[in-house]
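Residue-level structural notes
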Amino acid sequence: DAEITQSPRHKITETGRQVTLACHQTWNHNNMFWYRQDLGHGLRLIHYSYGVQDTNKGEVSDGYSVSRSNTEDLPLTLESAASSQTSVYFCASSDLAGANTQYFGPGTRLTVL
Amino acid sequence: EDQVTQSPEALRLQEGESSSLNCSYTVSGLRGLFWYRQDPGKGPEFLFTLYSAGEEKEKERLKATLTKKESFLHITAPKPEDSATYLCAVPPNSGYSTLTFGKGTMLLVSP
């Protein structure tokens, strides 16, 4: 069955370190998204991609970057982790253009000390 | 700015006690309204998409309805396993395939 996976599921890091969260989907979807979820804020879009070599900034992109070198993967990098980036991160993917259903991964809980 | 507001923030029901969750939106030219269920420690799971006022969709004890300003998720005779956070989302006025999510309604159904 097609799926979307994230790794690691839990990560503890220190302020200032670079961190990369992995997202891999086997749906063969063109569109991929990264969100963070915090109490009181809900899901907020960080970055998204509509295909290979395409990346776009979302609502809360400062301090984060993504790159898309193939259809299946969209890694999220925190260039210099900050305590404010402690959160749960979700990756999602969707097919086709326009408004369409996004399928989510299981999430990565990141703690920045 | 597009906005999605969900109410109530939290809802506690007894098993079998029916109720409704609300999702109001301000985006014009709606291109779909999405409902998701999220269990603790897991990613959101897709439930329904509604596209036009008057449309209804059902899944087990859940029924989603849509008007021009809001959507309701009706829960009939809920069971404890319906306990979860329910999220709604809409695409923005412009742009491609992104979604703006509400903050969710946390539902707890007690036996």
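Cut-off values and rules
- Residues numbered from 1 in each chain as written.
- Chains lettered and ligands numbered in written order.
- Predicted model: local features only at pLDDT ≥ 70, side-chain atom pairs only at ≥ 80, totals over all residues.
- Heavy atoms only, no water.
- Phe/Tyr/Trp six-rings, centres within 6.5 Å; stacked < 30°, edge-to-face > 60°.
- Pairing = 2+ DSSP bridges.
- Helix = DSSP H or I, 4+ residues; strand = E, 2+ residues; numbered from the N terminus.
- Axes fitted to C-alpha atoms, helices over the stretch in contact; angles between N-to-C directions.
- Salt bridge = Lys/Arg side-chain N within 4 Å of Asp/Glu carboxyl O.
- Buried < 20%, exposed > 50% of the residue type's maximum accessible area, 1.4 Å probe, protein only.
- Disulfide = S-S within 2.5 Å.
- 1 Å grid on protein atoms, 1.4 Å probe; cavity = no way out; pocket = protein on both sides within 12 Å on 5 of 7 lines; lining within 4 Å.
- Points joined across faces, edges and corners; volume = space filled by probe spheres on them.
- Nonpolar A, V, L, I, M, F, W, Y, C, P; charged D, E, K, R; others polar.
- Contact = heavy atoms within 4.5 Å.
- Core = buried A, V, L, I, M, F, W, Y, C linked by side-chain atoms within 4.5 Å.

**Quick word on the packing of aromatic side chains**
Taken as a whole, this structure holds 11 aromatic pairs over all chains when the rule is applied. Here a set of aromatic residues connected by ring pairs shows up, and it is made of F33, Y35, Y48, Y50 and F104 of chain A together with Y36, F46 and F101 of chain B.

**A look at the sheet that holds strand 1 (residues 4-7) of chain B**
Residues and elements named next belong to chain B. Strand order in the open sheet formed by five strands is 1-3-8-7-6, with antiparallel pairing between adjacent strands. Of all the strands in the sheet, just strand 1 and strand 6 (56-59) have a single pairing partner and so form its edges. On average, each strand axis in the sheet is inclined to that of its neighbour by 15 degrees, with strand direction left out of account. Looking at chain direction, strand 6 and strand 7 (residues 62-66) are connected through four bridges and run antiparallel. Each bridged residue has a counterpart across the sheet, and for E58 the counterpart in strand 7 is K63.

**Considering the pattern of salt bridges**
Counted under the stated rule, the structure contains seven salt bridges over all chains. For R44 of chain A, the salt bridge goes to D38 of chain A, with nearest N and O atoms at 3.0 Å. Take D38 of chain A: its relative accessible area is 16%, and that puts it in the buried class. Note that E56 of chain B is salt-bridged to K63 of chain B, the shortest N-O span being 3.8 Å. What you see here is one network of salt bridges that share partners, running through R36, D38 and R44 of chain A.

**Some remarks on the state of the cysteines**
Working definition of a disulfide: a covalent bond connecting the sulfur atoms of two cysteines. All names here are of chain A. Scanning the entire structure with this criterion turns up two disulfides over all chains. With a sulfur-sulfur separation of 1.8 Å, C23 is cross-linked through a disulfide to C91. Here the disulfide of C23 and C91 is left-handed, its torsion about the S-S bond being about -70 degrees. Taken together, the residues span a long stretch of sequence, with C23 in strand 3 (residues 19-25) and C91 in strand 9 (residues 87-94) at a distance of 68 residues. The pair C23 / C91 is uniform in exposure class, with both members buried.

**Regarding the layout of surface pockets**
Here the largest pocket defines a volume of roughly 1400 Å³. For the largest pocket, the lining is made up of 47 residues, of which H41, G42 and L43 of chain A together with G102 and K103 of chain B are closest to its centre. Contributing elements (two or more residues each) for the lining of the largest pocket: strand 4 (31-38), strand 5 (42-51), strand 9 and strand 11 (108-112) of chain A together with strand 1, strand 9 (84-90), strand 10 (100-101) and strand 11 (105-110) of chain B. Among the elements that take part in the lining of the largest pocket, strand 5 of chain A stands out by supplying five residues, more than any other. Within the lining of the largest pocket, the residues separate by chemical class into 16 nonpolar, 19 polar and 12 charged. The volume enclosed by the second largest pocket comes to roughly 160 Å³.

**Quick notes on the environment of L62 of chain B**
Residue and element names in this part refer to chain B. Its location among the elements puts L62 in strand 7. Taking the C-alpha atoms as reference points, L62 and P78, separated by 16 residues in sequence, lie 8.7 Å from one another. Leave out the neighbours within four places in its chain, and L62 touches L47, F48, K57, L73, H74, I75 and Y86.

**Looking at the nonpolar core**
Membership of the largest hydrophobic core comes to 24 residues, with the highest contact counts inside it found for L33, W35, L73 and Y86 of chain B. Only strand 2 (10-14), strand 3 (19-25), strand 4 (33-38), strand 5 (45-50), strand 7, strand 8 (70-75), strand 9 and strand 11 of chain B provide two or more residues apiece to this core. It is strand 9 of chain B that contributes the most residues to this core, four residues altogether. Dropping the residues within four chain positions of it, L33 of chain B is found in contact with C23, Y25, F48, T49, L50, L66, S71, C88, A89 and V90 of chain B. With 18 residues, the next largest nonpolar core counts I46, V60, A81 and C91 of chain A among its residues.

**Quick notes on the pairing of strand 4 of chain B**
Residues and elements named next belong to chain B. Where burial is concerned, most of strand 4 is hidden: six out of the six residues are buried. Side chains L33, W35 and R37 of strand 4 all project onto a buried face; the interleaved residues F34, Y36 and Q38 project onto the opposite face, where all are buried too. Relative to strand 5, strand 4 runs antiparallel, the two sharing five bridges. Within strand 5, the position partnered with W35 by the bridge is F48. Direction of pairing for strand 4 relative to strand 9: antiparallel, over a ladder of five bridges. Its bridge partner lying in strand 9, R37 is registered against Y86.

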